[in-house]
Amino acid sequence: MNKVTLADLQMKYGTALDKVLVNDVMPVAPLVKWLPSEVISGTSTQYRCVTSIPKVGPRPVNAGVDAIRANYELKRSQLFLYQGLIAIDEALAKADPSGEGGLMAEQAELVMQGAMFTLEQYAIYGKALGEDAMPGILDGIGNYMTISADEAHNTTESRQAGGASVLAIVGDPKMLRLQFGNSKAIAFSPTERTYLPTNKADGTAGTMPALAKNVTFWAGISVRSEFAVARLINESASKPLTDALLAQLVSLFPTGVVPTALVMNRQTRARLQASRATALTYNKKQSGQTAYAELPTEFEGIPIICTDALIADETDANIAALAKELDIKARKLGTIER
């Protein structure tokens, strides 16, 4: 099966506006952009998950053989509804210098950015974000595919939450896929003129003439193999990511299964860069500069995807708090107050 991405699906199922909006905001959701994706007709699918394959042994001539078959279990992936209503004051839209449709177009792009970033977080953290959330990539990872950057917490009994994660993912649709339901990917409704219930300035009930449109999609992650994803946890400034840790992470996969992407946040990538710099030999140059490691883009040929959807400290409380956020703000990583 060839890998199909969300951009491919939008080209096939989306309107001209949907295609442009999704393509323009892809940088905010690099993992969603990369994941194998498909559109299904309903909102759930049933599939077979192979649990073992049979061995074939030697047989003496004229002797019978045992009937053999692969073993599997039936699983069902369920998609969940995501929807938002874009609404702006009609008078404000008419007064905008770019024209009546200019402000709505700007809002549609910003809302799409938020929708894509939200989808990326839910695709990763899944049920940890609430009962109404779809099962995510982390819901499909077993303890045997998880290691800690801190050796003191590298057993099931000693495992603890906290620190950052690095994900190693096999981007093969036979292993996992991002699914969109109801025979479409991400779709916007046409802009309509309507009256929205809105409180007046004095706090009493009123209505507002508005321009409005919906953004709607059904989405879910289908993890179809127990060896689709491996996870490194507890990465931090005191236990930084190194190439040695990445080698341990990749070694969790069985022979013949190779991850096709490593997913991490910016801080983790910076610590990997620092660890690589310390391994370089100092070379005296005319300027006197020390050895410097380039920004990491791969490990042993496996590309690195950097996303802000992975948070820096994955405590249960911090992950649950993501579902309560109503706005997305850029993280300020500096230490100097203005």
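Residues numbered from 1 in each chain as written. Predicted model: local features only at pLDDT ≥ 70, side-chain atom pairs only at ≥ 80, totals over all residues. Heavy atoms only, no water.

J.: Break down the sheet that holds strand 14 (residues 302-306) for me, with residues and values.
T.: Strand order in the open sheet formed by 6 strands is 5-11-6-12-14-13, and the pairing between neighbours is mixed. Strand pairing shows two members of the sheet lacking a second neighbour, strand 5 (146-148) and strand 13 (298-299), which therefore form its edges. Across 2 bridges, the pairing between strand 13 and strand 14 is antiparallel. In the sheet register, E298 faces strand 14, and the bridge partner there is P303. (Pairing = 2+ DSSP bridges. Helix = DSSP H or I, 4+ residues; strand = E, 2+ residues; numbered from the N terminus.)

J.: Which residues make up the nonpolar core, and what values do they have?
T.: Within soluble globular proteins, side chains that are nonpolar tend to cluster in buried spots. Core analysis: the largest hydrophobic core is formed by 79 residues, its most contacted members being M116 and F180. The leading source of residues in this core is helix 5 (residues 100-125), at 12 residues. (Core = buried A, V, L, I, M, F, W, Y, C linked by side-chain atoms within 4.5 Å. Buried < 20%, exposed > 50% of the residue type's maximum accessible area, 1.4 Å probe, protein only.)

J.: If you had to explain the side chain of S275 to someone new, which residues and values would you point to?
T.: As for its position among the elements, S275 is in helix 7 (residues 266-278). For S275, a relative accessible area of 17% translates into the label buried. Within polar-contact distance, the side chain of S275 engages the backbone oxygen of L272 at 2.8 Å. Sequence-distant contacts of S275, defined by excluding residues within four places in its chain, comprise L241 and T242. (Polar contact = N/O pair within 3.5 Å; in protein donor to acceptor, adjacent residues only side chain to side chain. Contact = heavy atoms within 4.5 Å.)

J.: Please give an account of the pattern of salt bridges that cites residues and values.
T.: On inspection of all chains with the given rule, the structure shows 11 salt bridges. Residue K75 is joined to E73 by a salt bridge in which the shortest nitrogen-to-oxygen separation is 4.0 Å. E73 sits in the partly exposed class, given a relative accessible area of 39%. Between K174 and D172 there is a salt bridge whose closest N-O contact spans 3.1 Å. Residue D172 is classed as partly exposed on the basis of its relative accessible area of 21%. Linked by salt bridges that have partners in common, E90, K94, E100 and R193 make up one network. (Salt bridge = Lys/Arg side-chain N within 4 Å of Asp/Glu carboxyl O.)

J.: How would you explain the environment of I302 if you had to name every residue and give the values?
T.: Along the polypeptide, I302 turns up in strand 14. Residue classification places I302 among the buried positions, given a relative accessible area of 5%. A C-alpha to C-alpha distance of 6.8 Å links I302 and L262, two positions 40 residues apart in sequence. Setting aside chain neighbours within four positions, we find I302 in contact with V250, V258, P259, T260, A261, L262 and T297.

J.: Go over a nonpolar patch on the surface, please, and point to the residues and values.
T.: Residues V50, I53, Y72 and L74 make up a contiguous nonpolar surface patch of about 440 Å² in total accessible area. Within the element layout of this structure, Y72 appears in strand 3 (residues 71-78). (Patch = residues over 30% accessible without salt bridge, like charges linked within 9 Å, V, L, I, M, F, W, Y side chains within 5 Å. Areas by Shrake-Rupley, 256 points an atom, 1.4 Å probe, with all protein chains shown as cover.)

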